[in-house]
Amino acid sequence: MTDLDEKSFTETIAKDQRIEPRDWMPDGYRRTMIRQIAQHAHSEIIGMQPEGEWITRAPSLRRKAILLAKVQDEAGHGLYLYSAAETLGADRGDLTRRLIEGRQKYSSIFNYPTLSFADVGVIGWLVDGAAICNQVPLCRSSYGPYGRAMIRICKEESFHQRQGYELLMTMMRGTPAQRDMVQDAVNRWWWPSLMMFGPPDDRSPNSAQSMAWKIKRHSNDELRQRFVDMSVPQAEALGVTLPDPELRWNDERGHWDFGPIDWSELQRVISGDGPCNAVRIANRRRADEDGAWVREAAAAHARRHQEAGA
Amino acid sequence: MSEDIKHEWPLFEVFVRAKRGLNHVHVGSLRAADHEMALHHARDLYTRRNEGVSIWVVRSDDVAASSPDEKEAFFSPSGDKVYRHPTYYSIPDSVPHI
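Everything quoted here is computed from the prediction, not taken from an experiment.

(A) Layout of a nonpolar patch on the surface. The grouping of Val-82, Tyr-83, Tyr-88, Tyr-89, Ile-91, Val-95 and Ile-98 of chain B at the surface amounts to a nonpolar patch, some 730 Å² of accessible area in total. For Ile-98 of chain B, the position within the fold is in the segment after α3 (71–75).

Here is the structure:
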């Protein structure tokens, strides 16, 4: 590195321009970017599982087709992101191994089980809704390939959220048992959704640097508040109650106040003790192992084809 | 680690023509065993919603790129050639259509 390199990097960030793959960047920036993009990619890939479990049990052909398309999108999102990580010198296969060996994390939200079909709707509405809140500002992330992947992802997430909400509206027009299923799913997913924004600002040690590098544009608490403000009227329109007795409109702040979040639960789930951590990783490992012969066979076929052609 | 990575499929860059009349634009990369598989994967990955009418795939290690370090030396010569721009030439306002 030269002083000139560092100056050019700092100026590019200051002018709100993008850093591109072959530009000089501080090691810390590269490491942070790879870690964030990889965790995000892993979350999309692991995120296929909770909903994927319902594909065979979806109640109609229409819902089955929608769910298939949605889960396929999650796979696609994971691949856009692995592609962005590879522009930083990371290797896709190596990242997968880090996930399987528990050396890299994914969003803790996917460690909760999907107990009924209403969970599919609530994941679309709340989990994808929270993801959209988080991801829209990332479209302007200082790292070019990440920002461009996020633009593509955000366009598709909007379908995810709307299909979820529509599914729930349909169930709310159904029997009392179906309405209870929706309320039960909301009760279970509301607090984990709020935790998706990460620890509170005063306990988020890496945030300041990420903000300075313009990897991150808003604080965790800011985005969490935005999500609560968006969700309250949506819950009302749907006819469900959000499981927080302290939820009330604060005229002075112009925002909804909400109750304290159980951060010890987030810690517990992140550190591996959530309801589904082990099964999620075991499934990913099995898919990788079961697919190994296909990858090898395709590579052998390509090699032979090339030799024959040469 | 490096032992395993050798078995990884090669990386391909993907370019999509969004509609007739437009250039192919770079959209990202993917892994595939060969060009044919790369095209199929590109179709599944980058055109799930009618985003394209034509796809190119190129092996990433076949792409030659200018270096950001040489940006000055590489691109600055065009900076002082203002006479290449139409606005360099002053023409009276009274002259039409020029």
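Still more ground to cover, so stick around.
(B) How the structure looks around the sheet that holds strand β2 (residues 24–31) of chain B. Residues and elements named next belong to chain B. Reading across from one edge, β2-β1-β3 is the order of the three strands in this open sheet, with antiparallel pairing throughout. Of all the strands in the sheet, just β2 and β3 (54–59) have a single pairing partner and so form its edges. For this sheet, the mean inter-axis angle between neighbouring strands, taken without regard to orientation, is 25°. For strand β1 (residues 11–17) and β3, the ladder comprises six bridges, and the chain directions are antiparallel. Along β3, the bridge assignment pairs Arg-17 with Ser-54.

(C) Local environment of the nonpolar core. Residue and element names in this part refer to chain A. Within the largest apolar cluster, 51 residues are counted, with the highest numbers of intra-cluster contacts made by Trp-125, Val-182, Trp-189, Trp-190, Phe-227, Val-240 and Leu-242. Looking at this core element by element, the count peaks at eleven residues for helix α6 (residues 117–135). For Trp-125, the contacting residues outside a window of four places in its chain are Gln-161, Gly-164, Tyr-165, Leu-168, Val-186, Ser-231, Gln-234, Ala-235, Leu-238, Val-240 and Leu-242.

(D) Expanded view of unusual backbone geometry. Of note, the phi angle at Asp-16 of chain A is positive, near 65°, even though the residue is not glycine. Here Asp-16 of chain A is to be found in the loop between α1 (3–14) and α2 (27–46). By relative accessible area, which is 37% here, Asp-16 of chain A ends up partly exposed. At Asn-50 of chain B, a position not held by glycine, the phi torsion is positive, near 55°. Inspection of the secondary structure assignment puts Asn-50 of chain B in the loop between α2 (35–46) and β3. Overall, the relative accessible area of 76% leaves Asn-50 of chain B in the exposed class.

(E) Seen up close, the interface of chain A and chain B. Contacts between the two partners involve 24 residues from chain A and, on the opposite side, 24 residues from chain B. Between chain A and chain B lies a buried interface of about 2000 Å² when both sides are counted; carbon and sulfur atoms form 48% of it. When the buried area of chain A at its contact with chain B is split by residue, Arg-22, Arg-97 and Arg-152 of chain A rank highest and sum to 26% of it. There are six salt bridges connecting chain A and chain B. Two residues, Glu-86 of chain A and Arg-31 of chain B, come together in a salt bridge whose shortest N-O distance is 2.3 Å. Looking at the side of chain A that touches chain B, the element that brings in the most residues is helix α4 (residues 61–86) of chain A, giving eight residues. The class makeup of the residues in the side of chain A that touches chain B is seven nonpolar, six polar and eleven charged.

(F) Molecular detail of the state of the cysteines. All names here are of chain A. Enumeration according to the criterion identifies zero disulfides over all chains in this entry. Looking at the unpaired Cys-133, the closest cysteine sulfur is the one in Cys-154, lying at 10 Å. Its relative accessible area of 6% is what places Cys-133 among the buried residues. Here Cys-139 is not cross-linked by a disulfide; its sulfur's nearest cysteine counterpart is in Cys-154, at 3.7 Å.

(G) Fine view of the environment of Leu-11 of chain B. With respect to the secondary-structure elements, Leu-11 of chain B resides in strand β1. Leu-11 of chain B sits 21 residues away from Ala-32 of chain B along the chain, and the two C-alpha atoms are 6.7 Å apart. Once residues within four sequence positions are removed from consideration, Leu-11 of chain B is found in contact with Glu-86 and Arg-92 of chain A together with Ser-29, Leu-30, Arg-31, Val-58, Arg-59 and Ser-60 of chain B.

(H) Representation of helix α5 (residues 92–100) of chain A within the structure. Residue and element names in this part refer to chain A. Of all nine residues in α5, eight are buried, a share of seventy percent or more. Those residues of α5 not exposed but buried are Arg-92, Gly-93, Asp-94, Leu-95, Thr-96, Arg-97, Leu-99 and Ile-100. Of the residues that open α5, the one with a side-chain oxygen 2.9 Å from the backbone nitrogen of Gly-93 is Asp-91. Where α5 ends, the next residue or the one after it, Gly-102, has phi of about 75°, a positive value.

(I) Structural view of the pairing of β1 of chain B. Where β1 of chain B meets β2 of chain B, seven bridges bridge the pair, whose relative direction is antiparallel. Pairing of Leu-11 of chain B across the sheet is with Arg-31 of chain B, part of β2 of chain B.

(J) Structural view of the packing of aromatic side chains. Per the counting criterion, the structure on display carries 14 aromatic pairs over all chains. Pairing Trp-54 of chain A with Phe-117 of chain A gives two aromatic rings, centres 6.0 Å apart and planes at 65°, and the pair type is edge-to-face. Of this pair, Trp-54 of chain A sits in the loop between α3 (48–52) and α4 while Phe-117 of chain A is found in helix α6, placing the two residues 63 residues apart along the sequence. The same class applies to Trp-54 of chain A as to Phe-117 of chain A, namely buried. Pairing Phe-74 of chain B with Phe-75 of chain B gives two aromatic rings, centres 5.1 Å apart and planes at 80°, and the pair type is edge-to-face. Each member of the aromatic cluster is reached from another via a ring pair, and the members are Phe-9, Trp-24, Tyr-29 and Trp-213 of chain A. The side chain of Arg-57 of chain A reaches across the aromatic face of Trp-54 of chain A, ending 3.9 Å from its centre. Taking NZ or CZ as reference, Arg-152 of chain A lies 5.5 Å from the ring centre of Tyr-80 of chain A, over its face.

Quick notes on the rules
Residues numbered from 1 in each chain as written. Chains lettered and ligands numbered in written order. Predicted model: local features only at pLDDT ≥ 70, side-chain atom pairs only at ≥ 80, totals over all residues. Heavy atoms only, no water. Patch = residues over 30% accessible without salt bridge, like charges linked within 9 Å, V, L, I, M, F, W, Y side chains within 5 Å. Areas by Shrake-Rupley, 256 points an atom, 1.4 Å probe, with all protein chains shown as cover. Salt bridge = Lys/Arg side-chain N within 4 Å of Asp/Glu carboxyl O. Helix = DSSP H or I, 4+ residues; strand = E, 2+ residues; numbered from the N terminus. Pairing = 2+ DSSP bridges. Axes fitted to C-alpha atoms, helices over the stretch in contact; angles between N-to-C directions. Core = buried A, V, L, I, M, F, W, Y, C linked by side-chain atoms within 4.5 Å. Buried < 20%, exposed > 50% of the residue type's maximum accessible area, 1.4 Å probe, protein only. Contact = heavy atoms within 4.5 Å. Buried area = accessible area lost by both parts, 1.4 Å probe. Nonpolar A, V, L, I, M, F, W, Y, C, P; charged D, E, K, R; others polar. Disulfide = S-S within 2.5 Å. Polar contact = N/O pair within 3.5 Å; in protein donor to acceptor, adjacent residues only side chain to side chain. Phe/Tyr/Trp six-rings, centres within 6.5 Å; stacked < 30°, edge-to-face > 60°. Lys NZ or Arg CZ within 6 Å of the ring centre and 35° of its normal.

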